[in-house]
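Now for the letters of each chain:
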Amino acid sequence: MAEIALPYPARRRSWLPADLGYWIVLGVVLLVVLLPVTLIIVNSFETAQPGQPVSYSLQGWTTALTDSALLKAIFNTLKLVLARQLVAFPVAVVLAWILARTDIPGSQWLEFLFWVAFFLPALPVTLGWIMLLDPQYGLINQALKLLPFIHASPFNIYSFWGIVWAHFAGGTLAIKVMLLTPAFRNLDSSLEEASNVLGASPFRTFIKVVVPVMTPVLTVVLLLSTIFSLQSFEVEAVLGFPIRFFVFSTQIYFLLQQQPPLFASAMALSTVVLAAMVPLIFVQRWASGRRRFTTITSHFKGHKMRLRRWRWPVFGLVLGVAVMITLVPFTFLVLGTFMRLFGFFNLANPWTTAHWTQVLHDPLFTRSVTNTLLLGGGTVVCALTLCTLVAYIVMRTKFAARTVLDFASWLPATFPGIILGLGLLWLFLGTPILRPLYGTIALLIIATVVASMTTTVQMLKGNFSQLGFELEEAARVEGGSWLQAFRKVLLPILMPTLLMVGALSFISAARNVSTVALLATSGTRPLSLLQLDMMVQGSYEGAAVVGVIVVLMTTGVALVARLIGLRTAIAH
Amino acid sequence: MTGEIALRLEHISKHFGTVKAVDDLSLEIRAGEVLTLLGPSGCGKTTTLRVIAGLESPDAGELWFGDRLIVSVGRGVYVPTHKRNLGMVFQSYAIWPHMTVFENVAYPLSVRGVRGDKVRSQVMEALHLVGLDGLHDRQAPQLSGGQQQRVALARAIVHEPSILLLDEPFSNLDAKLREQMRVQLKVLLNRLRITSVFVTHDQIEALSLSDRIVVMSGGHVEQIGSPQQLYEAPATPFVRDFLGKTLILEGLLSDAGELLHVELDKVPGQILKAHRAAAQGTIVGGKVSVAIRPEDIDVRKSNGAGSAVNCLPATVEAALFVGDHYECRVRVGDEDGLLVSTPRSVPMKEGDSVWLNVNEDALMIWPR
Ligand SMILES: Nc1ncnc2c1ncn2[C@@H]1O[C@H](COP(=O)(O)OP(=O)(O)OP(=O)(O)O)[C@@H](O)[C@H]1O
Ligand SMILES: [Mg+2]
């Protein structure tokens, strides 16, 4: 019995080291998140090259704010984001509603296809669309030109609307459908039914009741996907360079490719973009924190609307969209790998396996595979460790600075990959003790960990908040250190989520282009960048081979994650 | 009550997977009548209502509103929900949270193309009818449960629907509010005379609100009739046991001229006498159950006048004072655990000997 009196002082003793640990975590997060950005802002005033004596001036800013090319890039970015959202958002809302609220056959499978579409890396998908919509050899264009009344190619992927399309069919639509479908599923069906019974047609019900009731959720999703779409890089890089169409991310990249690199202008441009994006994250957080009245208590069943004779036509339509953004580009990507000349079907003997043999025997390729695996694996380990700690400290401790930590974990969501890359580049080149890390895979790992930090921490936080405190306290009362409690009690419960989150970090690292583009050297170049380089050099066939491999790698991991997720969902 | 038929269901069936939610159900509802679907949980009440509303389509059968064919599975007719001119109060109220009370109630009018002052006057009148004057500017989430319920009611009647559907409208209210709303709804329905179909599993609500009650079980109709008919002359043991309380005594039926006699199995030597009309479907010499409503039993301390035809000696096993009366558990012969109530004026305690007097009109005899 005497031992029972002990835990109090024992806990006091363990308080100090635990708290110290929290401060270390905070320090690491601030270092990798805030320091690169601070450096960008500071160095937008620094006009000397790295390594040369420091000299400050407003020259970078003057250039950034007067150079019509830079202003045009910002304008293009906005135009592109607006066009993408305007096209994708209404379509996504309707699709999500159909998937969640009607008795369309196979809704689970259709939803899964959108999920796959979200995980398809943008570059390979774009390559698939080039095959179909290239102004010269694009298959759709060629097919349409066979019609008597069409003479010129109607579509051109290398154009503003071509870029919009490549995005729409890439992630823009899929992410919205993915986020909105569960939200629509939680809508109390009697709100819809009441409108219907009282005399409003299904369409009117949708406009007058469903959309307004869902407005809070729709706002959150719209903001989130706007933030995402502001970060895009590779599609614009591939489709925009040939027509000199720049958005801010490709413009920054372009400025840094100059000899000598125009660092100050790039940093000034980055600062402007950051200044515009950080408020977005506040609006987004505020909007998602507001009270929502759409969720239901489990008491009322989610009745689904009967499509009756429209059931199969609607199914066909949704399936068409889902296939168009998944199977269609992938199929043509795969076809492209077997073509003597990418897109040229009318050669005497168009098919060959030469590109596969060539790429698979290329030492550059083998090195890139190793790099991608190292990058993915390293990201999983580091992201899981760091983000679990962050989520734990934010959700489960009374650490004084936990709100700062929480906020810091939100910030990377607003960093366009290219800017984060630039900041890290500066940090690692400019800090003597960190400089040896430049040119190693570790630098890329740090970049991808920061890039995926927000989502990872959020998912883990969601999980921590669902666990009861009792579990952990019970383990501690039994007598044991914090670490033991964490390992013996929390970790096993968190395992399914950790696997899931780990898979996601692997995928986002393996497909990442924008964050690592400025950081990789020829020795550390991963597959995703190898593909970009090949495309920029015009070697589309080889790029397609690499693209297929990246797709198989990422969707393979996504499938495994989904299966694990389903299994644990069933087990619970 | 006679009158034209406002709503007719003919051989309606609906199943979900292997569950037969509604099984070959036929019903006729007269114009202006309040008809209640009553039954235990899962018997298909809500499904029936949703078929009428068009929120579920039946697998078989026909649905008529007056002489307008609404659904016919055989003939491939299906009028969509929004063209049926209905009013409906949902269990969850389904008040739209993004609209004010006024906008909620005005909705059925605006979808019907009513505009301007007419909307205002009709909405105000509907709000007045449900006792919500002055609340029209409130945002829906600011309302209490009872107020939301009344907004739902106002919204369901404002456009003078041809049929009003109510699915357990009171189930989310506390007991006291429920009683108030019951009386209000009764008054309102009496005034409006809208043909109404009301779903509940609460027998007090059903008995007090309805012109006729349909008792359902397992997706089919057990009995249709006025509340009094169902209570006093249940057609099946299910209806008898579902509505009100009953005591069951088992025995053997014999014919004794003017009255029937039942020799009780567990109370040797005691005979209950009943009218012939109370024993339909039984045969003389057969085993029967005698059912008695507790309120028809007169519990006496002495066999006083001995005037009653049926008089059984009993012992009080337990007596609970519950305020306005006693709840007693009594034993008759070997039959124990019978629950009866006795007035406050006759104090009861455990072990008391009493007499149970039952009028011969109050007995129901069922074959066993
Ligand atoms: N959408 C559905 N999918 C599958 N089964 C259903 C569905 N709706 C109802 N059922 C089943 O049909 C049967 C009848 O359900 P219904 O909701 O009509 O019962 P109820 O009489 O209204 O019950 P309660 O008093 O509990 O509301 C139940 O067994 C129920 O589980
Ligand atoms: Mg029900």
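All figures in this text were calculated on a predicted structure; none of them were measured in a lab. (Residues numbered from 1 in each chain as written. Chains lettered and ligands numbered in written order. Predicted model: local features only at pLDDT ≥ 70, side-chain atom pairs only at ≥ 80, totals over all residues. Heavy atoms only, no water.)

**Student:** Any chance you could explain the packing of aromatic side chains here in plain terms?
**Tutor:** Geometry of an aromatic ring pair is reported as the spacing of the ring centres plus the angle between the planes. Considering all chains together, one arrives at 21 aromatic pairs over all chains under this definition. Judged by centre distance (6.0 Å) and plane angle (85 degrees), the rings of W109 of chain A and F112 of chain A are edge-to-face. Within this pair, W109 of chain A and its partner F112 of chain A are both found in helix α4 (residues 107–119), separated by three residues, close to a single helical turn. A residue is classified by how much of its surface remains accessible, and W109 of chain A, at 64% relative accessible area, is exposed. The exposure class assigned to F112 of chain A is buried, which follows from its relative accessible area of 13%. Every member of this aromatic cluster is reached through a ring pair, and the members are W109, F112, W115, F118 and F119 of chain A. The ring of W96 of chain B has R155 of chain B sitting right over it, with the charged end atom 4.1 Å from the ring centre. (Phe/Tyr/Trp six-rings, centres within 6.5 Å; stacked < 30°, edge-to-face > 60°. Helix = DSSP H or I, 4+ residues; strand = E, 2+ residues; numbered from the N terminus. Buried < 20%, exposed > 50% of the residue type's maximum accessible area, 1.4 Å probe, protein only. Lys NZ or Arg CZ within 6 Å of the ring centre and 35° of its normal.)

**Student:** Would you mind going over the site of ligand 1 with me for this structure?
**Tutor:** Of all residues adjacent to ligand 1, which total 14 residues, the nearest are S41, G42, K45, T46 and T47 of chain B. The residues that come close to ligand 1 belong to more than one chain, namely chains A and B. A distance of 3.2 Å separates an oxygen atom of ligand 1 from a polar atom in the backbone of C43 of chain B. Here an oxygen atom of ligand 1 and a side-chain polar atom of E168 of chain B are 3.4 Å apart. The protein chains hide 69% of the 640 Å² of surface that ligand 1 would expose on its own. (Near = heavy atom within 4 Å. Polar contact = N/O pair within 3.5 Å; in protein donor to acceptor, adjacent residues only side chain to side chain. Areas by Shrake-Rupley, 256 points an atom, 1.4 Å probe, with all protein chains shown as cover.)

**Student:** Whenever I open this one, the confidence of the model for chain B confuses me. Can you help?
**Tutor:** Interpretation of this model should avoid reading the predicted coordinates in detail wherever pLDDT is low. Averaged over chain B, the pLDDT score is 88; the fraction of residues at 70 or greater is 98%. Confidence metrics for the complex model read pTM 0.80 and ipTM 0.83. (pLDDT = per-residue confidence, 0-100.)

**Student:** Sorry if this is basic, but what is going on with the pairing of strand β10 (residues 212–217) of chain B here?
**Tutor:** A regular strand places its side chains so that they alternate between the two faces of the sheet. All names here are of chain B. Counting buried positions over the six residues of β10 gives six, a clear majority of the element. Here β10 shows two buried faces, one formed by R212, V214 and M216 and the other by I213, V215 and S217. As defined by bridge partners, strand β3 (residues 34–38) adjoins β10 across four bridges and the pair is classed as parallel. If you follow T36 over to β10, its bridge partner there is I213. Sheet topology note: the β10/strand β11 (residues 220–225) ladder contains five bridges and is antiparallel. Bridged to M216 within β11 is V221. Linking β10 to β11, which pair antiparallel, is a turn of two residues; within it G218 sits at a positive phi near 50 degrees. (Pairing = 2+ DSSP bridges.)

**Student:** Can you walk me through unusual backbone geometry in this structure?
**Tutor:** Working note: non-glycine residues mostly have negative phi, and peptide bonds are mostly trans. Residues and elements named next belong to chain B. In this structure, Y93 is a non-glycine residue whose phi angle is positive, near 70 degrees. Tracing the backbone through its elements, the reader meets Y93 in the loop between β7 (86–89) and α2 (101–111). The exposure class of Y93 is buried, given its relative accessible area of 5%. Residues other than glycine seldom take positive phi values, yet R193 does so here, at roughly 55 degrees.

**Student:** I'm lost on the interface of chain B and chain A in this one. Help?
**Tutor:** When the parts of a complex come together, some accessible area is lost, and that lost area is often used as the size of the interface. In this assembly, 31 residues from chain B lie in contact with 26 residues from chain A. Around 2400 Å² of area is buried between chain B and chain A when both sides are counted, 62% of it from carbon and sulfur atoms. In terms of surface lost to chain A, no three residues of chain B exceed H82, H98 and Y107 of chain B, which account for 23% of the buried area on that side. Applying the counting criterion to the chain B and chain A interface returns two salt bridges. Note that R50 of chain B and E193 of chain A form a salt bridge whose closest N and O atoms lie 2.8 Å from each other. At the surface where chain B touches chain A, the tally comes to eight residue pairs in polar contact (both at pLDDT 80 or more). (Contact = heavy atoms within 4.5 Å. Buried area = accessible area lost by both parts, 1.4 Å probe. Salt bridge = Lys/Arg side-chain N within 4 Å of Asp/Glu carboxyl O.)

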